[in-house]
Amino acid sequence: MPRRAAVTVIALAALMAPLAGCKTAQTLGEKPWDFACPAAGTAVSYDDGRRLTFTGPDPADANACLARTEAGAQVRLIWGMVEDTAGEGRGHRPAMAPLFPAKTGSNVGYTADLSSPGSGIQYRFDTRWRLVGYETIEVPAGRFNTLVFERSVQGTGANAGQSFKLTYYVEGGSGVVLKRTVELGRGGSTLMRPFQAVKFSRPPPPPPRPEPQPAGPAGPPRS
């Protein structure tokens, strides 16, 4: 091989080597992430004082997760992320369904009605969810690989000047939200607050099944 050609091949190899191992850290793999409620017994404590122990999916709706607080009150989480309350808004359950199974860039838009806890006045918001991808996060509960979901909210009508964005960090193996951030838009305000996990535990694995014992030697033939 001529010297100039050899130098060219070496130069190209040097350029391609780092590219071969280059991956976008926040891009999901080819397999979409499907939603499932956290397994019964999964527990998480947040820095806002809440502790939730999951009891499994709602028997009437597998896409709504049930949990208990320390005081014994039941909490219902739509798609594991949105608490089923008037303050979080109505309409999330059916509208978010096309988001799953989710992959990077998956998004869905709809209108949700939120109610003020004090006055009961309803406010209509245009809502859009998008799966950003993966991110490794550090919270007081530890270091976790999470899926990052963005929820962008924009007021309509007389409330058009209000906007905010919530970001949910969901532990992919369990489906538990380990962190939520709140970013206010221009002139925006919201009663929704950020939080992060300070403790997190999964239920112990089921005990292994006992292996069948081999049959003993056959006895003497009956006469």
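Just so we're clear, the structure is a prediction, and the values are computed from it rather than from any experiment.

Asks: Would you explain the packing of aromatic side chains in this entry?
Replies: If you walk through the whole model with that rule in mind, you get 10 aromatic pairs. Ring geometry for Phe35 and Trp79: centres 5.3 Å apart, planes at 70°, overall edge-to-face. One end of the pair, Phe35, is in the loop between helix H1 (3-20) and strand S1 (43-46); the other, Trp79, is in the loop between strand S4 (74-78) and strand S5 (82-83), and 44 residues separate them in sequence. Trp79 sits in the buried class, given a relative accessible area of 5%. Pairing Phe144 with Phe200 gives two aromatic rings, centres 5.5 Å apart and planes at 85°, and the pair type is edge-to-face. With Phe144 in strand S8 (residues 142-155) and Phe200 in strand S11 (residues 195-201), this residue pair connects regions lying 56 residues apart in the sequence.

Asks: Where do I start with the nonpolar core in this structure?
Replies: Note on soluble globular proteins: their nonpolar side chains tend to be buried together. Within the largest apolar cluster, 48 residues are counted, with the highest numbers of intra-cluster contacts made by Met81, Phe100, Trp129 and Phe149. It is strand S7 (residues 122-139) that contributes the most residues to this core, six residues altogether. Beyond its immediate stretch of four places on either side in the chain, Phe100 contacts Trp33, Asp34, Phe35, Trp79, Met81 and Phe149.

Asks: I tried to follow the environment of Ala36 on my own but got confused; where do I start?
Replies: Positionally, Ala36 belongs in the loop between H1 and S1. Taking C-alpha positions, Ala36 is 8.3 Å from Pro57, a pair spaced 21 residues apart along the chain. Those residues in contact with Ala36, other than ones at most four positions away along the chain, are Ser174 and Gly175.

Asks: I tried to follow the sheet that holds strand S2 (residues 51-58) on my own but got confused; where do I start?
Replies: Two orientations exist for strands paired in a sheet by backbone hydrogen bonds: parallel and antiparallel. Strands sit in the order S5-S4-S3-S2-S1-S11-S10-S9-S8-S7-S6 across an open sheet of 11 strands; the sheet is antiparallel. Only two strands of the sheet have a single partner each, and these edge strands are S5 and strand S6 (107-115). The pairing of S8 with strand S9 (residues 163-171) spans nine bridges and is classified as antiparallel. Pairing of Thr146 across the sheet is with Glu171, part of S9.

Asks: Where do I start with unusual backbone geometry in this structure?
Replies: Negative phi values dominate among residues other than glycine, just as trans dominates among peptide bonds. Cis peptide bonds are those with omega within 30 degrees of zero, and the linkage from Phe100 to Pro101 qualifies with -10°. Positive phi, close to 55°, is recorded for Trp79, a residue that is not glycine.

The rules we used
Residues numbered from 1 in each chain as written. Predicted model: local features only at pLDDT ≥ 70, side-chain atom pairs only at ≥ 80, totals over all residues. Heavy atoms only, no water. Phe/Tyr/Trp six-rings, centres within 6.5 Å; stacked < 30°, edge-to-face > 60°. Helix = DSSP H or I, 4+ residues; strand = E, 2+ residues; numbered from the N terminus. Buried < 20%, exposed > 50% of the residue type's maximum accessible area, 1.4 Å probe, protein only. Core = buried A, V, L, I, M, F, W, Y, C linked by side-chain atoms within 4.5 Å. Contact = heavy atoms within 4.5 Å. Pairing = 2+ DSSP bridges.

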